[in-house]
Amino acid sequence: MKKPFVFGVAVDDAHFIGRKKEIEQLKSQMQYGINTILISPRRWGKTSLVKRVAKEVANDQLKVVYVDILYCRNEYDFYNTFASAVLGQTASRLDEWKQNAQEFLSRLVPKISFSPEPNHDFSISLGITPKTYKPEEILNLPEQIARKRGYNIVVCIDEFQQIGDFADALTVLKRMRSVWQHQHATSYCLFGSKKHMMSTLFQQRNHPFYKFGTTMYLGLIPAEEWIPYLCQQFEKEGKNLSVPLAEQICKMVECHPSYVQQLAFNTLICTKTSEVSEVNLTEAYENLLDENTPLFIEKTERLTAYQMNFLRAIIAGIHQDFGLAAIREEYNLGSASNIVRIKEALIEKEFIDITPDGIYIADPILEKWLQKRVF
Ligand SMILES: Nc1ncnc2c1ncn2[C@@H]1O[C@H](COP(=O)(O)OP(=O)(O)OP(=O)(O)O)[C@@H](O)[C@H]1O
Ligand SMILES: [Mg+2]
């Protein structure tokens, strides 16, 4: 069944809109072997964009490898995931894969298991350990393959911020940089959320990845791009969504890609006649808050009382001067030095964003939820 709207997972083809400039830029960088660092808050469309561009640029001379490291907890987890993606995705058939493994990782006996479903991928466990391979050897794997086979490789690493959580993060990052910077046939597209952590990893002078590549900050998709898509998807379902209501959908979620798609879907479900009304939209929005409630409860219940108080102050309209005694007292924020700690923790957990106009809640639906259901 064709879904009218997709949210929560990377989108492709029919559900992918806009991003023309970003596609062009990323495409050129991949084609010319320039390293890219792509940063945005959660669910703004990094994975969708990279997968889209990867599909467009990949050919016999340029192989694109996609690695998701969300579940990697330590350095060797990473090497296993990295090596198995590189081996698997530079081979188009199983025998080619086996040949690659024998040629480039000859000290291992990889375990290959097939999915019971026909035409489904095989999975590989390599079992790389510090005893079998040195980190540098694994980090050099794509370059070795690329040179031997006479093509170029772009390795795209999703959820890269995960490395910042490894116990020995700095050592691992230093190793990566020292190996990768000497590679000529391989380039990297490193992307992830936790904007703050990603910015620290790549933008601080004393950091191993400083100036490793071109940094792209992914923005929101503007309403003009959403409106035709929203109207068209409703039309396919036999319903008429007027342009002003499509605009309102975008406005209600401040153009956050995943929420636009989710709110549009909710609106479609709420619309029982052939014409979408404002009442449908209001009901759909309430449903959006309900659907996100368990997630928001889970996110907020781990906050300290001070951190919650800080959010309460933002919801009440305070966006700067948190250090002033009157504000600290009114919202019970503790000492001035406590404010620094609260801010750091809330940025790290992706609750707040610092903008030139002050501090704001990063997620518009979380903001509304706090306003309507908590404070
Ligand atoms: N170009 C796009 N066109 C239409 N919808 C999009 C686009 N990009 C993102 N979205 C919407 O946002 C959702 C999240 O996209 P995606 O998973 O690519 O984001 P992400 O930044 O990789 O998220 P995460 O930080 O969770 O990894 C998609 O399911 C879709 O609803
Ligand atoms: Mg993603």
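Refer to the structure printed above.
Overview of the structure. Residue indices follow the written sequence of each chain, beginning from 1 at its first position. To label them, take the chains in the order written and letter them from A, then take the ligands in the order written and number them from 1. With pLDDT at 70 or above as the cut-off, local features in this predicted model cover only qualifying residues; side-chain atom pairs require 80 or more to be listed or tallied, and sums for whole chains, interfaces and linings still use all residues. With hydrogens and water set aside, each side-chain value is computed from the structure's full complement of heavy atoms.

Note on terminology: near, applied to a residue and a molecule or strand, indicates that one of the residue's heavy atoms is within 4 Å of it. Close to ligand 1 lie 23 residues, the nearest being V6, V9, K46, T47 and S48. Residue R42 places a side-chain N or O atom 3.2 Å away from an oxygen atom belonging to ligand 1. Identification of polar contacts relies on pairs of N or O atoms within 3.5 Å, with a donor-acceptor requirement for protein atoms, meaning one able to donate a hydrogen and the other able to accept it, and with residues adjacent in sequence counted only if both atoms are side-chain atoms. Taking G45, its main chain carries an N or O atom lying 3.0 Å from an oxygen atom of ligand 1. Judged by the proximity of its atoms to the pocket grid, ligand 1 belongs to the second largest pocket. Helical segments are the DSSP runs of H or I of at least four residues, strand segments are the runs of E of at least two, and each set is numbered from the N terminus. Every element with two or more residues in the shell around ligand 1 is listed here: α2 (46-57) and α11 (257-270). The pocket and cavity definitions rest on a 1 Å grid over protein atoms only: a 1.4 Å probe that fits but cannot leave marks a cavity, an open set with protein on both sides within 12 Å along at least five of seven lines marks a pocket, and residues lining either have an atom within 4 Å of a point. Throughout, a molecule is located in a cavity or pocket provided that more than half of its atoms lie within 2 Å of its grid points.

On to the layout of surface pockets, then. Counted as a void, the largest pocket has a volume near 890 Å³. Taken together, 32 residues line the largest pocket, and the ones lying closest to its centre are R42, K299, K349, E350 and F351. Sorting the residues of the lining of the largest pocket by element identifies α8 (195-203), α11, α12 (278-301), α15 (336-348) and β8 (352-355) as the ones contributing at least two each. In this count, Pro and Cys sit with the nonpolar residues alongside Ala, Val, Leu, Ile, Met, Phe, Trp and Tyr, while Asp, Glu, Lys and Arg are called charged and the others, Gly among them, polar. Considering only residue class, the lining of the largest pocket consists of 12 nonpolar, 6 polar and 14 charged. Grid points are joined across faces, edges and corners, and a volume is the space filled by probe spheres set on the points. Within this model, the second largest pocket holds a volume of roughly 580 Å³. If you go around the second largest pocket, you meet 29 residues; those closest to its centre are V9, A10, R43, G45 and S48. Mapped by element, the contributors of at least two residues to the lining of the second largest pocket are α2, β2 (62-68) and α11. Top contributing element to the lining of the second largest pocket by residue count: α2, with 4 residues.

It is worth spelling out helix α7 (residues 169-180) at this point. Multiply 1.5 Å by the residue count of a helix minus one, and that product is the helix's expected span. A rise of 1.5 Å per residue sets the reference length of α7, with its 12 residues, at 16 Å; its end C-alpha atoms lie 16 Å apart and thus fit the reference within 8%. Between two residues, a contact is recorded if the distance between any of their heavy atoms is within 4.5 Å. Looking at the packing, one finds that the buried side of α7 touches α3 (75-89), α5 (135-139), β5 (152-158), β6 (186-192) and α8.

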